[in-house]
Amino acid sequence: MRLDYTKAAPGGVKAFGGVYGYIMQSGLEDVLVEMVYLRVSQINGCAYCLDMHTRDLVRKGVSPQKLALVQVWHEAGSLFSAREQAALRWAESVTRVAETHVPQADFDAAAAVFAEKELADLTMAIGLMNAFNRLAISFRRGPEPAEG
């Protein structure tokens, strides 16, 4: 690891933790949020976060098939609910903001499935995971050792 940002800036990490806590109590389904975290981390190529969110989703009972297909959710048919598909589509558009500029069609699709507060909270979750990915990638935080 280049730098242990959790020790160098514990107040900043604690602030991010506050946002994480808010999102987890926001009313969004925890598996949906974790799936979005996984997809954002796939896009950004963050090994630390991919490992963590995959493990979390396994603990929450998500099937190996569904986990394997998160990155190609749009080809997986009904394996993903309409709500999951909308969240993953929104996560991709927002994460790739420099390329997409988050077009109106993407907003309209997300707004058709999520209430205003849910969409705001989901977007905060996406932003938070992008920030965590950038910390882990920039400072080369690798995956935790495998259990057992």
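Structure report, in brief. Everything numeric in this text was worked out from a predicted model, so none of it was measured.

1. Focus on the pattern of salt bridges
- Inspection of the entire model under this criterion finds 10 salt bridges.
- With its nearest N and O atoms 2.5 Å apart, the salt bridge here joins D56 to R59. Of this pair, D56 and R59 both sit in helix α4 (residues 47–59), three residues apart, which is roughly one turn of that helix.
- Here E144 makes a salt bridge to R141, at a shortest N to O gap of 3.9 Å.
- For R141, a relative accessible area of 22% gives the class partly exposed.
- Taken together, the salt bridges that share partners define one network made up of E29, R83 and E118.

2. Looking at the packing of helix α2 (residues 10–24) against helix α3 (residues 30–44)
- With their axes 10 Å apart at the nearest point, α2 and α3 run at an angle of 135 degrees to one another. With respect to α3, the axis of α2 lies oblique. Counting all contacts with α2, which are made through Y20, I23 and M24, the residues of α3 involved are D30, V33, E34 and Y37.
- Residue classes in the contact of α2 with α3 are distributed as five nonpolar, no polar and two charged.

3. Observations concerning the side chain of S41
- Mapped onto the secondary structure, S41 falls in helix α3.
- With relative accessibility at 0%, the residue S41 sits in the buried group.
- Among all residues touching S41, those that are not within four sequence positions of it are C46, C49, L50, H53, M129 and N133.

How each quantity is defined
- Residues numbered from 1 in each chain as written.
- Predicted model: local features only at pLDDT ≥ 70, side-chain atom pairs only at ≥ 80, totals over all residues.
- Heavy atoms only, no water.
- Salt bridge = Lys/Arg side-chain N within 4 Å of Asp/Glu carboxyl O.
- Helix = DSSP H or I, 4+ residues; strand = E, 2+ residues; numbered from the N terminus.
- Buried < 20%, exposed > 50% of the residue type's maximum accessible area, 1.4 Å probe, protein only.
- Axes fitted to C-alpha atoms, helices over the stretch in contact; angles between N-to-C directions.
- Parallel < 35°, antiparallel > 145°, perpendicular 65-115°, else oblique.
- Contact = heavy atoms within 4.5 Å.
- Nonpolar A, V, L, I, M, F, W, Y, C, P; charged D, E, K, R; others polar.

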